[in-house]
Amino acid sequence: MKDVTIGQYYPVSSPIHRLDPRIKLLAVILYIVAIFFIQKFVGFALVAVFLLAAVFLSRVPLLKVLRSLRAVLFLVTFTMIISVLFYSSKTAEPLWAWGIIKIYKQGLINAARMGLRLILLVLGPSLLTLTTTPTALTDGLESLLKPLALIKLPIHELAIIMSIALRLIPTLMEETEKIMNAQKARCADFDTGNIFKRAKALIPVLIPLFVSSFRRADELADAMDSRCYRGAKGRTRMKRLKLHFRDFAASFVMLALFFVILVLRYNWFGWAFVAALI
Amino acid sequence: MPIKITDLNYVYSAGTPFAKHALKNVDLYIEDGEFWGVIGHTGSGKSTLFSHLNALTRIQSGVIQVDEFTMTGNGGKKLKRKNRPDFKALRARVGMVFQYPEYQLFAESVEEDVAFGAKNIGIKGDELAERVENAIKMVGLDYEEVRSRSPFDLSGGQKRRVALAGVLAMHPKVLVLDEPTAGLDPRGKKEILDLITEIKAALCPTIIMISHNMDEVARYCDKIAVMADGELKLTATPKELFTQTGLLESLHIEMPQVTALACALASRGLDVSGAALTEDELVEEILRAKGVTA
Ligand SMILES: Nc1ncnc2c1ncn2[C@@H]1O[C@H](COP(=O)(O)OP(=O)(O)O)[C@@H](O)[C@H]1O
Ligand SMILES: [Mg+2]
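Thresholds, definitions, all that
Residues numbered from 1 in each chain as written. Chains lettered and ligands numbered in written order. Predicted model: local features only at pLDDT ≥ 70, side-chain atom pairs only at ≥ 80, totals over all residues. Heavy atoms only, no water. Helix = DSSP H or I, 4+ residues; strand = E, 2+ residues; numbered from the N terminus. Buried < 20%, exposed > 50% of the residue type's maximum accessible area, 1.4 Å probe, protein only. Contact = heavy atoms within 4.5 Å. Lys, Arg positive; Asp, Glu negative; His and termini not counted. Charge placed at Lys NZ, Arg CZ, Asp CG, Glu CD. Pairing = 2+ DSSP bridges. Domains from an automatic or database assignment. Buried area = accessible area lost by both parts, 1.4 Å probe. Salt bridge = Lys/Arg side-chain N within 4 Å of Asp/Glu carboxyl O. Polar contact = N/O pair within 3.5 Å; in protein donor to acceptor, adjacent residues only side chain to side chain. Nonpolar A, V, L, I, M, F, W, Y, C, P; charged D, E, K, R; others polar. Near = heavy atom within 4 Å. Areas by Shrake-Rupley, 256 points an atom, 1.4 Å probe, with all protein chains shown as cover. pLDDT = per-residue confidence, 0-100. Axes fitted to C-alpha atoms, helices over the stretch in contact; angles between N-to-C directions. Parallel < 35°, antiparallel > 145°, perpendicular 65-115°, else oblique. Disulfide = S-S within 2.5 Å. Core = buried A, V, L, I, M, F, W, Y, C linked by side-chain atoms within 4.5 Å.

Examining the overall build of chain A
Right, so step 1: When you go through chain A residue by residue, the secondary structure sums to 12 helices and two strands.
Right, so step 2: Secondary structure elements in chain A, listed N-terminal to C-terminal, are α-α-α-α-α-β-β-α-α-α-α-α-α-α.
Right, so step 3: Seen through its principal axes, chain A has C-alpha atoms that stretch 70 × 55 × 40 Å.
Right, so step 4: Evaluated residue by residue, chain A yields a buried proportion of 32% over its 278 residues.
Right, so step 5: Long-range pairs, those at least 24 residues apart, make up 74% of the contacts in chain A between residues at least 6 apart in sequence.
Right, so step 6: Of the side chains in chain A, 35 bear a positive and 16 a negative charge, and the two mean positions are spaced by 9 Å.

Structure representation (structure tokens):
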């Protein structure tokens, strides 16, 4: 077997890696909701510190986590610029004006808020995928969505489709590489010429790839059939998800964070003054 | 002109937790006209090593010389066009037949599939047709019968021959075959190996064959290279290698079945040499020991 990583799972052993995938999924959902409640910068700071602590615990290099921002860098910059340019106010004095372009202090603050929100929104889920194998994620999702089976949604089937797809991604990549190499050895040229020429050059790769994918799907179906696979009915699990103390501890920390953010937002018990002190 | 590999190193996924040192300081010299067998366990780096020969794998460090083509590494980065050999010419010179080559067929007809490589190196018209016809005939297929059939309708063994013909149509001078007999029945194996011998005599003088079958390499190859764990452990002739029991053991290599049988017979008191590498040799030995003259 070749060690091909799917997605971006970072294989080390850490308390975060060992958390139950269901807890991690729920925590990430809560995290995302929490971020939408944040208004004050101290809230962002709090979440950032929390995230840093989680990254530290996960033993994933910080740079690796930050790398996921590359994909959204353009989006973040673009959103921030737009929100600065389009902010306007009747009452406030612009900081800086040039023709119809006026820049307000509040505009800058809004842009910073938006930027921080986007960045934190990306980093949380990417820590999840860095510390959880796709298989574990699928298992977690299946388990969390199980109640939906009551309203006749084929949750188990969807989960098995997803795990097979995930399982086959590296195989397909490997296969693609093999076939490309075989055609390259016959002097196929994939990287010169215009877009049509390049698309056409892919035919000798795609056809064998389709052929072998269908063959593989057939074989897999036979293999599952011959091992009595009949869908979810009566199927037991080898690895049952079980909650441990660490899962309860993590849930508690996450809920506490969410609570603090709500307090900051709505000034429950008048405690938001704490933020003013910092 | 020969092939010369000097101090070749290769690391997969360098700098990640999956880093795998697949080739370690490999030096190898292959003369023109030799039939090399390459043996070693799965994962020992055989495929990685020979995919360097026609620049399918970019050199990370080391030098490879194939005839007039010299390739050097650039830390795994792409070389500038002017600093690297003409890949098309190189790939036409070094034909590469991968494991299960039948899975790379794609065209609508056998003829078209076989023509693909030759077309890519700029062969046209009558010469193309002639090369295709010769290649299909050379691999032992009935040209008139298969030329316009879909390659997907052929049997497994026929598909493999078509794939081989596709490489031969480029008229390579070095042919690298990665486990060409994998998944064939004993007869299919023998047919392919005999075919390779014919190809060597008629078209492509240098053959490099990766194999897991010791009887095959003992019977067909002039030289054997043994790979283990990314290192080239040893190069030797079949006689040198398979007669040294201690060496075989230390390299975890099995004897060819014929040689094992010869040794067994010798240890039971029959006066045969334990160095018989092929069936014919063994038969001759036994006849001699029994005092029968053929
Ligand atoms: N594309 C790849 N990515 C990562 N590792 C690889 C890749 N190809 C091969 N390897 C690894 O490199 C080593 C040598 O592989 P290979 O050259 O295919 O060996 P062999 O052909 O002798 O079986 C193996 O350990 C294999 O797992
Ligand atoms: Mg191999």
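Brief notes about the pairing of strand β7 (residues 174–178) of chain B
Residue and element names in this part refer to chain B.
Right, so step 1: Among the five residues in β7, five count as buried, and that is most of the element.
Right, so step 2: In β7, alternate side chains face the same way, and those of Val-174, Val-176 and Asp-178 on one face and Leu-175 and Leu-177 on the other are all buried.
Right, so step 3: Relative to β7, strand β6 (residues 94–97) runs parallel, the two sharing four bridges. Each residue of the ladder has a partner; that of Gly-95, found in β7, is Leu-175.

Details of unusual backbone geometry
Right, so step 1: Its identity as a non-glycine residue notwithstanding, B:Asp7 has a phi of 50°, on the positive side.
Right, so step 2: Taking the relative accessible area as the measure of exposure, B:Asp7 reaches 39% and is therefore partly exposed.

Comments concerning the domain arrangement of chain B
Residues and elements named next belong to chain B.
Right, so step 1: Assigned domains within chain B: domain 1 (1–85 + 173–184 + 201–243) and domain 2 (256–294).
Right, so step 2: Relative placement of domain 1 and domain 2: their C-alpha centres are 33 Å apart.
Right, so step 3: Taken together, the contact between domain 1 and domain 2 spans eight residues of the former and eight residues of the latter.
Right, so step 4: Summed over both sides, the interface between domain 1 and domain 2 buries roughly 690 Å², with carbon and sulfur atoms accounting for 66% of that surface.
Right, so step 5: If you sort the residues of domain 1 by the area they bury against domain 2, Asp-215, Lys-239 and Phe-242 come out on top, with a joint share of 57%.
Right, so step 6: Taken together, domain 1 and domain 2 are joined by one salt bridge.
Right, so step 7: Between Lys-239 and Glu-281 there is a salt bridge, with its nearest N and O atoms 3.2 Å apart.
Right, so step 8: Across the contact surface, domain 1 and domain 2 share four residue pairs in polar contact (both at pLDDT 80 or more).
Right, so step 9: Elements that contribute at least two residues to the side of domain 1 that touches domain 2 include exactly α8 (214–220) and α9 (238–242).
Right, so step 10: In terms of residue count, the dominant contributor to the side of domain 1 that touches domain 2 is α8 (four residues).
Right, so step 11: Taken together, the residues of the side of domain 1 that touches domain 2 sort by class into four nonpolar, one polar and three charged.

Observations regarding the site of ligand 1
All names here are of chain B.
Right, so step 1: Residues in contact with ligand 1 amount to 13 residues; listed here are only the nearest, Lys-20, Gly-43, Lys-46, Ser-47 and Thr-48.
Right, so step 2: Contact between ligand 1 and Lys-46: an oxygen atom at 2.9 Å from a side-chain N or O atom of the residue.
Right, so step 3: Contact with the protein chains covers 80% of the free accessible surface of ligand 1, which is 560 Å².
Right, so step 4: Elements that contribute at least two residues to the shell around ligand 1 include exactly β2 (20–30) and α1 (46–51).
Right, so step 5: The residue inventory of the shell around ligand 1, partitioned by class, reads two nonpolar, seven polar and four charged.

Some words on the confidence of the model for chain A
Right, so step 1: Summary statistics for chain A give a mean pLDDT of 87 and a share of 95% for residues scoring 70 or more.
Right, so step 2: Contacts for the low-pLDDT stretch residues 1–6 of chain A, under 50 throughout, to residues beyond four places or in other chains number 10 contacts.

A look at the packing of helix α2 (residues 21–37) of chain A against helix α6 (residues 105–131) of chain A
Residue and element names in this part refer to chain A.
Right, so step 1: At a minimum axis distance of 10 Å, the contact between α2 and α6 shows a crossing angle of 175°. As the angle between them shows, α2 and α6 are arranged roughly antiparallel. On the side of α2, the interface is formed by Lys-24, Leu-25, Val-28, Tyr-31, Ile-32, Ile-35 and Phe-36, while α6 contributes Arg-117, Leu-120, Leu-121, Gly-124, Pro-125, Leu-128 and Thr-131.
Right, so step 2: Considered class by class, the residues forming the contact of α2 with α6 number 10 nonpolar, two polar and two charged.

Describing the state of the cysteines
Right, so step 1: Using the criterion set out here, one finds zero disulfides over all chains in the structure.
Right, so step 2: Of the cysteine sulfurs around A:Cys187, a residue in no disulfide, the closest is that of B:Cys204, at 14 Å.
Right, so step 3: Free cysteine: B:Cys221, not disulfide-bonded; nearest cysteine sulfur from B:Cys204 at 14 Å.

Quick word on the sheet that holds β7(B)
Residue and element names in this part refer to chain B.
Right, so step 1: Strand order in the open sheet formed by six strands is β6-β7-β8-β3-β9-β10, with mixed pairing between adjacent strands. Both edges of this open sheet fall to β6 and β10 (231–236), since each of them pairs with a single strand only. Ignoring which end each strand starts from, the neighbouring axes of this sheet average 15° apart.
Right, so step 2: Where β7 and strand β8 (residues 206–210) come together, five bridges link them in parallel fashion. Across the sheet, the residue bridging to Val-176 is Ile-208, located in β8.

Description of the nonpolar core
All names here are of chain B.
Right, so step 1: Core analysis: the largest hydrophobic core is formed by 51 residues, its most contacted members being Val-114, Leu-164, Leu-175 and Phe-242.
Right, so step 2: Dropping the residues within four chain positions of it, Phe-242 is found in contact with Met-214, Val-217, Ala-218, Ile-224, Leu-248, Ile-253, Glu-254, Met-255, Pro-256, Thr-259 and Leu-277.
Right, so step 3: Counting residues in each nonpolar core, the second largest holds 33 residues, with Leu-49, Ile-64, Val-94 and Met-227 among its members.

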